[in-house]
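Coordinates in review
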Amino acid sequence: MESLTPPRVLLGVAGGIAAYKSAELLRRLTETGHSVRVLPTASALEFVGAATFEALSGQPVHTGVFVDVPSVPHVKLGQEADLVVVAPATADLMARAAAGRADDLLTASLLTARCPVLFAPAMHTEMWEHPATRANVEVLRSRGVVVLEPASGRLTGKDTGPGRLPDPAEIAEFARLLLERADALPHDLSGRRVVVSAGGTREALDPVRFLGNRSSGRQGYALARVAAQRGASVTLVAAHTADLGDPAGVEVVRVGSAAQLRDAMCAAARGANAVVMAAAVADFRPVALAEHKIKKTGSDPDPLALTTNPDILAELVRTKEQGQVVVGFAAETGDAAGDVLHHGRAKLLRKGCDLLVVNAVGDGKAFEVPDNSGWLLGADGSETELKPGSKALLATRVWDTVASRL
Ligand code: CTP
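Presented here is an overview of the structure given in this document. Quick caveat: nothing in here was measured; it's all calculated off a predicted structure.

Below, the discussion takes up the overall build of the protein chain. Secondary structure summary: the protein chain contains 14 helices and 19 strands in total. Taking 406 residues into account, the globule formula puts the C-alpha radius of gyration at 22 Å, and the protein chain, at 24 Å, falls close to it. For the protein chain, the C-alpha atoms occupy an extent of roughly 80 × 50 × 40 Å along the three principal directions. In the protein chain, which comprises 406 residues, the share counted as buried stands at 49%. Once local pairs closer than 6 in sequence are excluded, the contacts in the protein chain between residues at least 24 apart make up 69%. Counting only carbon and sulfur atoms, one obtains 52% of the accessible surface of the protein chain, whose full area is about 18900 Å².

In structure tokens form, the structure reads like this:
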């Protein structure tokens, strides 16, 4: 039976400029029904006032262990938590956590917590790359703490590089994932290179119009995001998507049409360990691209004359390298000829890929929504049901199977 108590989340905030983004993360966590207690360090309160955290969480905010002593908060908060998220996690906070110190309420709670712990680091690139920080990250990961890869981009001041706090939406997605599945983010893809396509292609008719589809790209983005956090080097070939932020630690290649997607995927697939075709590719494109906007009074009797696009997945299967795992997706509705699984099995045979994720679509399922479910079919005859859950959860099931085959 599903629990009626909201998940209890401790949100640790360390003292870095990215602390201001923790207010947005807090808002996302409370809006999605979590009960959040904020544990800032004393330095975090130099950046964001306690009143902000208290107002957004509806709970008191303390930094030290000598407030409300009779309720022993430094033991109780950690023990009772379902998840601890530290965002931003600074180099200093990670050093203290790795050393097992307990000199404030946050670090004390980290020692008493037995739930999943998620660190979202933010610091300057030099600090992130310093051997001391690398060693602390390794220690924390070896103890089961999920330390996210930071995003790359503009840092405080003019410098750029890895060290930016991942987007609050992305941290919230990982928080939900760890509540769904505590062991969702092992570092088992480290040293692997993977390629994922996402979104829907657009086939231009004229300078104004195109043929497109409803794919939001969320499933492909979740696959890329989860793979990067499981240690893989990831190329995400993104066609048209909803307004999604770039996943942290992922190289994003943007494309428009099926032909561009084909070229980008074939190039990126060379030398990759796994290739996942999550994009919704238009099966047809206009025979010709009109140079000028097509007029309804124009002379062309059939401005929508179409020709078939290449089947990219089939090509990736044909050119597959030794040991490479190729994964396809199929969005199916049942019909008179058979149910979703029946169509999925037939498609797996037709496409010849190693794995096929079959999603049931229609009735508001799969498209443009955060959740997904379906089946993972293997060319070896394996069939695993993918129970309903976040798209990130489905991604972890796909990577589990891919990792076991690499
Ligand atoms: N796909 C592809 N190139 C295409 C069409 C589809 O690579 N031109 C890939 C998709 O990315 C997906 C898989 O093939 O991984 C199945 O897509 P789907 O549209 O379900 O398959 P189709 O071959 O178009 O079959 P259907 O006749 O059911 O539309």
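Moving on from the model shown.
Here the focus is the pairing of strand β17 (residues 355–360). Taken residue by residue, a regular strand's side chains alternate between the two faces of the sheet. With five of six residues buried, β17 lies mostly within the body of the structure. In terms of strand pairing, strand β16 (residues 325–332) meets β17 through six bridges, oriented parallel. Within the sheet, the bridge partner assigned to Phe 329 lies in β17 and is Val 357. In this region the chain leaves β16, passes through helix α13 (residues 340–351) and returns to the parallel neighbour β17; the handedness of that crossover is right-handed. Two strands pair when backbone bridges link them, and β17 and strand β18 (residues 371–378) are joined in this way by five bridges, in the antiparallel orientation. When the bridges of β18 are listed, Val 358 appears paired with Trp 375.

This paragraph deals with the environment of Ala 280. Mapped onto the secondary structure, Ala 280 falls in the loop between β13 (274–277) and β14 (284–286). Here the alpha-carbon distance between Ala 280 and Ser 216, two residues 64 residues apart in the chain, equals 9.3 Å. The contact partners of Ala 280, leaving out residues within four places of it in the chain, are Gly 199, Gly 200, Thr 201, Asn 213 and Ser 215.

Now for the packing of helix α9 (residues 168–180) against helix α14 (residues 391–405). In contact at an axis separation of 9 Å, α9 and α14 are set at 65° when each is read in the N-to-C sense. Where α9 crosses over α14, the handedness of that crossing is right-handed. On α14, the residues touching Glu 173, Leu 177 and Glu 180 of α9 are Ala 392, Leu 393 and Thr 396. Classifying every residue of the contact of α9 with α14 by side-chain character gives three nonpolar, one polar and two charged.

Near the ligand you find 13 residues, and of these Met 277, Ala 279, Leu 313, Lys 347 and Lys 351 are the closest. Within the backbone of Met 277, an N or O atom sits 2.8 Å from an oxygen atom of the ligand. Take Leu 313: an N or O atom from its main chain is 2.7 Å from an oxygen atom of the ligand. Relative to its free-state accessible area of 570 Å², the ligand is covered by the protein chains to the extent of 76%. Counting residues per element, the shell around the ligand draws most heavily on α13, which supplies three residues. Partitioning the shell around the ligand into residue classes produces seven nonpolar, one polar and five charged.

On to the environment of His 292. Tracing the chain through its elements places His 292 in the loop between β14 and β15 (306–308). A C-alpha to C-alpha distance of 6.2 Å links His 292 and Asp 206, two positions 86 residues apart in sequence. With residues up to four places along the chain from it excluded, the contact list for His 292 reads Asp 206 and Pro 207.

The next thing to look at is helix α5 (residues 91–99). Considered for burial, the residues of α5 that qualify are Ala 91, Leu 93, Met 94, Arg 96, Ala 97 and Ala 98. Where α5 is buried, its residues touch β3 (83–89), α6 (105–112), β4 (117–121), α7 (125–129), α8 (131–142) and β5 (146–147). At the exit of α5 stands Gly 100, carrying a positive phi of roughly 75°.

Counting 66 residues, the largest nonpolar core has Val 85, Leu 118, Ile 171, Leu 223 and Trp 399 as the members making the most contacts within it. When residues in this core are grouped by element, the largest group, eight residues, is from α14.

With that out of the way, let us pick up the sheet that holds β13. An order of β12-β11-β8-β13-β16-β17-β18-β19 is seen for the eight strands of this open sheet, with the pairing classed as mixed. Each edge of the open sheet is held by one strand with a lone partner, namely β12 (250–254) and β19 (383–390). Each neighbouring strand pair of the sheet contributes to a mean axis angle of 20°, computed without reference to strand direction. Against the sheet, α9 contacts β18 and β19, and its axis sits at roughly 125° relative to β19.

The interhelical angle for the contact between helix α4 (residues 73–80) and α6, taken along N-to-C directions, is 50°, at an axis separation of 7 Å. Taken together, the axes of α4 and α6 lie oblique to each other. Regarding α4 and α6, the two cross each other, and that crossing is right-handed. Side by side, α4 and α6 meet where Pro 73, His 74, Val 75, Leu 77, Gly 78 and Gln 79 of the first sit next to Leu 105, Ala 108, Ser 109 and Thr 112 of the second. Here the residues of the contact of α4 with α6 sort into five nonpolar, five polar and no charged.

Counted according to the given criterion, the structure contains zero aromatic pairs. Here the guanidinium or amino end of Arg 134 rests over the ring plane of Trp 128, the centre of that ring lying 4.5 Å away.

All right, on to the environment of Glu 46 then. Relative to the helices and strands, Glu 46 resides in helix α2 (residues 44–47). Taking relative accessible area as the criterion, Glu 46 reaches 69% and is therefore assigned exposed. As a C-alpha pair, Glu 46 and Gly 163 span 117 residues in sequence and 20 Å in three-dimensional space.

The rules we used
- Residues numbered from 1 in each chain as written.
- Predicted model: local features only at pLDDT ≥ 70, side-chain atom pairs only at ≥ 80, totals over all residues.
- Heavy atoms only, no water.
- Helix = DSSP H or I, 4+ residues; strand = E, 2+ residues; numbered from the N terminus.
- Rg over C-alpha atoms; globule rule 2.2 N^0.38 Å.
- Buried < 20%, exposed > 50% of the residue type's maximum accessible area, 1.4 Å probe, protein only.
- Contact = heavy atoms within 4.5 Å.
- Areas by Shrake-Rupley, 256 points an atom, 1.4 Å probe, with all protein chains shown as cover.
- Pairing = 2+ DSSP bridges.
- Right-handed = clockwise from strand over helix to strand, strands pointing away.
- Axes fitted to C-alpha atoms, helices over the stretch in contact; angles between N-to-C directions.
- Left-handed = near helix turned anticlockwise from the far one by under 90°.
- Nonpolar A, V, L, I, M, F, W, Y, C, P; charged D, E, K, R; others polar.
- Near = heavy atom within 4 Å.
- Polar contact = N/O pair within 3.5 Å; in protein donor to acceptor, adjacent residues only side chain to side chain.
- Core = buried A, V, L, I, M, F, W, Y, C linked by side-chain atoms within 4.5 Å.
- Parallel < 35°, antiparallel > 145°, perpendicular 65-115°, else oblique.
- Phe/Tyr/Trp six-rings, centres within 6.5 Å; stacked < 30°, edge-to-face > 60°.
- Lys NZ or Arg CZ within 6 Å of the ring centre and 35° of its normal.

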